[in-house]
Amino acid sequence: MQEPIQTAREAREGAPHLFHTRNHCATGCPGFSRLSALDSPIHPLTDPHPMFTKTKTIRGPLRLYYDRLFEAYGPQHWWPAEDRFEVIIGAILTQNTTWNNVERAIANLKREGLMSPKALHRLPVRRLGSIIRPSGYYNVKAVRIKSFLTFLIDQYGGDLEKMFKETTKKLRRFLLDINGIGPETADSILLYAGGRPIFVIDAYTRRILSRHGLVSPRSTYGVLQDFFMKGLPPSPRLYNEYHALLIEVGKHHCRKEPICSGCPLERFLIGKRPKSVRDL
Ligand code: SF4
């Protein structure tokens, strides 16, 4: 049985479902088929949640932006997957492509009955590449998936439960040592598959924050991550939802050519509107 990330105390107190698969939920609720770190909506204005009061009160732009995005889009139920392994494979496949393409590659893997560490480890890398072809850069990604599997099998006998027993710091270091796993992929694995309180930074996040003058466009990944992690309580649920909401506004509005008109964050724009990605 998959180890629940939700604590026993949270389960007792009826906290939102934190991690579940098709067959298992820490609170024992039936009928779920998607993995998500946030199945119950958290809206700090209308439904105060302990995460907003336990460690510190969120104020300033991080709070305003979150509330506005949540009001506009509601809960995102991200990451869409049936188990941790699928999250990890998806995190590698999503590098430099859209989620639609990832879904097609994942569907191919499932159709072939290959969505498990041992099945994928046995598969020749060329064959893996042809199966995940819809995700783009498929030969490179096949090698990256193989590198992760070699690590998982050599270090933990292919057991994700064992891997996720490592501390966040140590596991992040191990993941970053794997060929083709950078900070965004490593943090996606830690947050979405491991339920660790680590904020994922992606191109949308960088673009939105810098267009709004909250960070320099030249900020490093670490600086951007600190911006969130020093301003928010260390909650995987909150980080999950916040990142998913930023992706949503990025997809619909904060594209290379921004569509500020009608954007939920339009009211927070200060000064001149960005015209294109060159304005970053
Ligand atoms: S589209 Fe415009 S208003 Fe919306 S997040 Fe981007 S810069 Fe801000």
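Residues numbered from 1 in each chain as written. Predicted model: local features only at pLDDT ≥ 70, side-chain atom pairs only at ≥ 80, totals over all residues.

S.K.: Describe the overall build of the chain, and please don't skip the residues or the numbers.
M.R.: Summing up its helical and strand segments, the chain has 13 helices and zero strands in all. Sequence-ordered secondary structure for the chain, helices as α and strands as β, is α-α-α-α-α-α-α-α-α-α-α-α-α. Residues counted as buried form 32% of the 280 residues belonging to the chain. A separation threshold of at least 6 residues defines the contact pool for the chain, and within that pool the share at least 24 residues apart is 59%. (Helix = DSSP H or I, 4+ residues; strand = E, 2+ residues; numbered from the N terminus. Buried ≥ 20, exposed ≤ 12 C-beta atoms within 10 Å, placed from the backbone. Contact = placed C-beta atoms within 7 Å.)

S.K.: Account for the site of the ligand, with residues named and values stated.
M.R.: Around the ligand, the surrounding shell holds 14 residues, and the nearest of these are Arg211, Cys254, Pro258, Cys260 and Cys263. Split by residue class, the shell around the ligand holds ten nonpolar, two polar and two charged. (Near = placed C-beta within 6 Å. Nonpolar A, V, L, I, M, F, W, Y, C, P; charged D, E, K, R; others polar.)

S.K.: Report on the nonpolar core, specifying residues and quantitative values.
M.R.: The biggest cluster of nonpolar side chains holds 52 residues, and the ones touching the most others in it are Val87, Ile88, Ile92, Leu93, Ile145, Phe148 and Ile189. Looking at this core, the elements that each hand over two or more residues are helix H2 (60-73), helix H3 (84-93), helix H4 (99-111), helix H7 (138-156), helix H10 (183-193), helix H11 (203-211), helix H12 (221-229) and helix H13 (236-252). Looking at this core element by element, the count peaks at seven residues for H13. (Core = buried A, V, L, I, M, F, W, Y, C linked by C-beta atoms within 7 Å.)

S.K.: Could you give me a rundown of unusual backbone geometry, with the residues and numbers involved?
M.R.: Across the junction of Trp78 and Trp79, the peptide omega takes the value 25°, indicating a cis bond. When you line up the elements, Trp79 lands in the loop between H2 and H3. Backbone geometry places Asn96, a non-glycine residue, at a positive phi of 60°. Mapping Asn96 onto the fold places it in the loop between H3 and H4. For Tyr137, which is not glycine, the phi torsion reads 45° and is therefore positive. As for its position among the elements, Tyr137 is in the loop between helix H6 (125-131) and H7. By the C-beta count within 10 Å, which is 17 here, Tyr137 ends up partly exposed.

S.K.: Break down the confidence of the model for the chain for me, with residues and values.
M.R.: Scored by pLDDT, the chain comes out at a mean of 82, with 76% of its residues at no less than 70. This model gives residues 1-56 a pLDDT under 50, and the stretch forms 89 contacts once residues within four places in sequence are excluded. (pLDDT = per-residue confidence, 0-100.)

S.K.: I'd like a description of the environment of Lys251, backed by residues and values.
M.R.: Position of Lys251 among the secondary structure elements: in helix H13. Remark: the alpha-carbon pair of Lys251 and Tyr204, spanning 47 residues in sequence, is separated by 8.0 Å.

S.K.: Got a sec to walk through the packing of H3 against H7? Specific residues and values, please.
M.R.: Here H3 crosses H7 at 145°, and the two axes come no closer than 10 Å. The way H3 lies across H7 gives a crossing that is right-handed. Contacts from Ile88, Ile89, Ile92 and Leu93 of H3 reach H7 at Lys141, Arg144, Ile145 and Phe148. Considering only residue class, the contact of H3 with H7 consists of six nonpolar, no polar and two charged. (Axes fitted to C-alpha atoms, helices over the stretch in contact; angles between N-to-C directions. Left-handed = near helix turned anticlockwise from the far one by under 90°.)

S.K.: Tell me about H2, and please be specific about residues and values.
M.R.: The end-to-end C-alpha distance of H2, which contains 14 residues, comes to 20 Å, matching closely the 20 Å that a straight helix rising 1.5 Å per residue would cover. Check the buried side of H2 and you find it contacts H13. Immediately beyond the C-terminal end of H2, within one or two residues, lies Gly74, with a positive phi of roughly 75°. (Expected span 1.5 Å × (residues − 1).)

S.K.: Just give me the short version of the packing of H3 against H10, but keep the residues and values in it.
M.R.: Between H3 and H10, the least distance of the axes is 9 Å, while the angle of their chain directions is 160°. Of the possible angle classes, the one that applies to H3 and H10 is roughly antiparallel. For the element pair H3 and H10, the recorded crossing hand is right-handed. Contact residues: H3 offers Arg84, Val87, Ile88, Ala91 and Ile92, while H10 offers Thr185, Ser188, Ile189, Tyr192 and Ala193. Class assignment of the residues belonging to the contact of H3 with H10 gives a composition of seven nonpolar, two polar and one charged. (Parallel < 35°, antiparallel > 145°, perpendicular 65-115°, else oblique.)

S.K.: Can you explain the environment of Glu184? Please cite residues and give values.
M.R.: Among the structural elements, Glu184 can be located in helix H10. Taking the C-alpha atoms as reference points, Glu184 and Ile201, separated by 17 residues in sequence, lie 6.1 Å from one another. Beyond its immediate stretch of four places on either side in the chain, Glu184 contacts Val200, Ile201 and Asp202.

S.K.: How would you sum up the environment of Ile259? Please name residues and give values.
M.R.: Position of Ile259 relative to the elements: it lies in the segment after H13. Ile259 gets classed as exposed once you count the C-beta atoms within 10 Å, which come to 11.

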